[in-house]
Protein chains: 2
Amino acid sequence: MQLDKVTEERPTEAKRSYDDACGTAHALELIGERWSLLVLRELMLGPRRFSELRADLPGISANVLSQRLDELEARGLARKLRLPPPASVQVYEATAWGLEAEPIVQALGRWAARSPRHDPTLPISGVSILLSFRTMIDRDQARDLDARIGFRFGEVGYVARLRGGSIDVERGDPHGCDVVFTTAPTMLAAVVYGGAPLDSIGVEGDIALAKRFTTLFPLPPKVA
Amino acid sequence: MQLDKVTEERPTEAKRSYDDACGTAHALELIGERWSLLVLRELMLGPRRFSELRADLPGISANVLSQRLDELEARGLARKLRLPPPASVQVYEATAWGLEAEPIVQALGRWAARSPRHDPTLPISGVSILLSFRTMIDRDQARDLDARIGFRFGEVGYVARLRGGSIDVERGDPHGCDVVFTTAPTMLAAVVYGGAPLDSIGVEGDIALAKRFTTLFPLPPKVA
DNA sequence: CCGTATCCAATAAGATACTG
DNA sequence: CAGTATCTTATTGGATACGG
């Protein structure tokens, strides 16, 4: 009698709900699935292609990434778009509301930085480390700096504008910045957060500024 | 040849890792499983018993709650303790670091409040609504208030101290507060966030203050 | 090459019954 | 009450095959 395995199509998105009016619970229904928030994080500094996302989210499988992107789109946090010719490639872009999730990413990152079992030697994506700079910057120490810091992570470049104690980042050609770091993101993390020597990565431009920049991101004390 | 289904015991907690140095990813390894953060949320205003947690997390099953509590404990976010006699009951309490996750809960809640598909009529726990007050208070409108607001949610009481535009909450007997609300949390939410009339819930004390209190928590505009 | 779709094995979550 | 034990269902991940 257990025949007719009815395939039980959920009409729309009934899903597993927390059945809780609490905003936190609702947020978890929007971005609480495994990988969701990390996919959204990767969109925080501009549109990305499927293969870039896959490369920067080590361990995600193609079908899960595909599903997460569909969900983000259905929930209004991202959209799929095709760049105009001659590029004509498909990219995924965060919506304005999706970008507003950055404080969530920051709160999580700031909190977890105190974890005794955090392993900072694992690989890190370019977007992650740049967002971590926005999170961890010591505003008092940075307040009097006004500079443009460039990053070349393989093919992609970013320009960070440091001013008034905070940092804005966008994708772009770092040519002409006051300092340009050329490195894999994980090496840059080793320098900024792990105390590795500055000359283990590529630096052009104002070396004194580069040195100062790498000291602007103090880690909080560990819990245990 | 695929015999020997070795039962592959993971020695300790190898688990599914994101393999990512990003603090956000690590945070998700600590509190990213389903229910984890909501369990921690329920501990934010003081120790709770297993059955209270189960009652305030509608839909969680005993085995999952049990597992989540064990994980929170193993990760240093909560601890299990036995109250001294004559109570002698077992309760779960957040650690100091666990309590530091409140900004995460707030960032999620504030962000999700803009969601077009948020349903504020669902049930809500006492802890949730009190935390939402801490999140959503309009500091400018509240700055000149100094008052003690009491809440009776069934058996349990809370006292909120409103001062300097922010709110502190602790468990305790609301007797003697300037206002005391006696209601189910979900009804209180209907009044504060849903515009239901104040007289749909129990109010004792300074009624004008009560009215003013219920207007201190404006919701942000919806996204769509 | 850029994704999608499908299949399968491994885990996690949910429901329910049961024990000290 | 405070969980365990057991069973069922759902989700995830990995491999691979397919369509544009």
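Our subject is the structure that appears above.
Quick summary incoming for the structure in this document.

Basis of the calculations
Residues numbered from 1 in each chain as written. Chains lettered and ligands numbered in written order. Predicted model: local features only at pLDDT ≥ 70, side-chain atom pairs only at ≥ 80, totals over all residues. Heavy atoms only, no water. Near = heavy atom within 4 Å. Polar contact = N/O pair within 3.5 Å; in protein donor to acceptor, adjacent residues only side chain to side chain. Helix = DSSP H or I, 4+ residues; strand = E, 2+ residues; numbered from the N terminus. Nonpolar A, V, L, I, M, F, W, Y, C, P; charged D, E, K, R; others polar. Pairing = 2+ DSSP bridges. Axes fitted to C-alpha atoms, helices over the stretch in contact; angles between N-to-C directions. Least-squares fit on C-alpha atoms with pLDDT ≥ 70 in both. Contact = heavy atoms within 4.5 Å. Phe/Tyr/Trp six-rings, centres within 6.5 Å; stacked < 30°, edge-to-face > 60°. Buried < 20%, exposed > 50% of the residue type's maximum accessible area, 1.4 Å probe, protein only. Lys NZ or Arg CZ within 6 Å of the ring centre and 35° of its normal.

So, on to the protein's contact with DNA strand D. Neighbouring DNA strand D are 20 residues; Arg34(A), Asn63(A), Arg49(B), Ser51(B) and Gln90(B) lie closest to it. Between DNA strand D and Gly59(A) there is a distance of 2.9 Å, counted from a phosphate oxygen to a backbone nitrogen or oxygen. Taking Arg68(A), its side chain carries an N or O atom lying 2.7 Å from a phosphate oxygen of DNA strand D. For the surface near DNA strand D, the secondary structure elements donating two or more residues are helix 4 (62–74) of chain A together with helix 3 (50–56), helix 4 (62–74) and strand 2 (90–94) of chain B. Considering each element in turn, the surface near DNA strand D owes the most residues, four residues, to helix 4 of chain A. For the surface near DNA strand D, the class distribution of residues is five nonpolar, eight polar and seven charged.

All names here are of chain A. Here five strands make up an open sheet; going across it, the order is 5-4-3-6-7 and the pairing mixed. Across the chains shown, the open sheet's two edge strands, defined by having one partner strand only, are strand 5 (166–171) and strand 7 (202–205). Averaged over all pairs of adjacent strands, the angle between strand axes in this sheet comes to 20 degrees, irrespective of strand direction. With eight bridges joining them, strand 3 (residues 146–153) and strand 4 (residues 156–163) adopt antiparallel strand pairing. Bridging from a neighbouring strand, Phe-153 pairs with Val-156 of strand 4.

Let us now look at the relation of the copies chain B and chain A. Mapping chain B onto chain A calls for a screw motion: a turn of 180 degrees about the axis and a shift of 0.0 Å along it, with 0.0 Å RMSD after fitting. Each copy turns onto its partner about a two-fold axis. No C-alpha of chain B approaches the rotation axis more nearly than that of Ile104(B), which lies at 3.1 Å. Interface overlap between copies is the fraction of interface residues in one copy that are interface residues in the other; for chain B against chain A it reaches 100%, indicating a shared surface.

Let us look at the environment of Ala190(A). Residues and elements named next belong to chain A. Tracing the chain through its elements places Ala-190 in helix 9 (residues 185–194). Note: C-alpha distance between Ala-190 and Val-156 (34 residues apart in sequence) is 20 Å. In this structure, Ala-190 is in contact with Gly-195 and Ala-196, ignoring residues within four places of it in sequence.

On to the packing of aromatic side chains. Aromatic ring pairs are described here by two measures, namely the spacing of the ring centres and the angle between the planes. Applying the stated criterion to the full structure yields 24 aromatic pairs over all chains. Relative to Trp97(B), the ring of Trp111(A) lies with its centre 4.8 Å away and its plane at 20 degrees, an arrangement referred to as stacked. Here Trp111(A) is found in helix 6 (residues 102–112), whereas its partner Trp97(B) is found in helix 5 (residues 96–99) on a different chain. We classify Trp111(A) as buried; its relative accessible area is 4%. Geometrically, the ring pair formed by Phe133(B) and Phe217(B) is stacked, given 4.5 Å between the ring centres and 25 degrees between the ring planes. Note that Phe133(B) is positioned in helix 7 (residues 126–136) and Phe217(B) in the segment after helix 10 (207–213), a separation of 84 residues in sequence. Of note, Arg34(A) hangs over the ring of Tyr18(B), and the distance from its end group to the ring centre comes to 4.4 Å.

Once that is clear, we can look at the pairing of strand 6 (residues 179–182) of chain A. Residue and element names in this part refer to chain A. Bridge count between strand 3 and strand 6: four bridges; the pairing is parallel. Note on strand 6: the bridge partner recorded for Arg-152 is Thr-182. Of the pairings in the sheet, the one linking strand 6 to strand 7 comprises four bridges and is antiparallel in character. Pairing of Thr-182 across the sheet is with Gly-202, part of strand 7.

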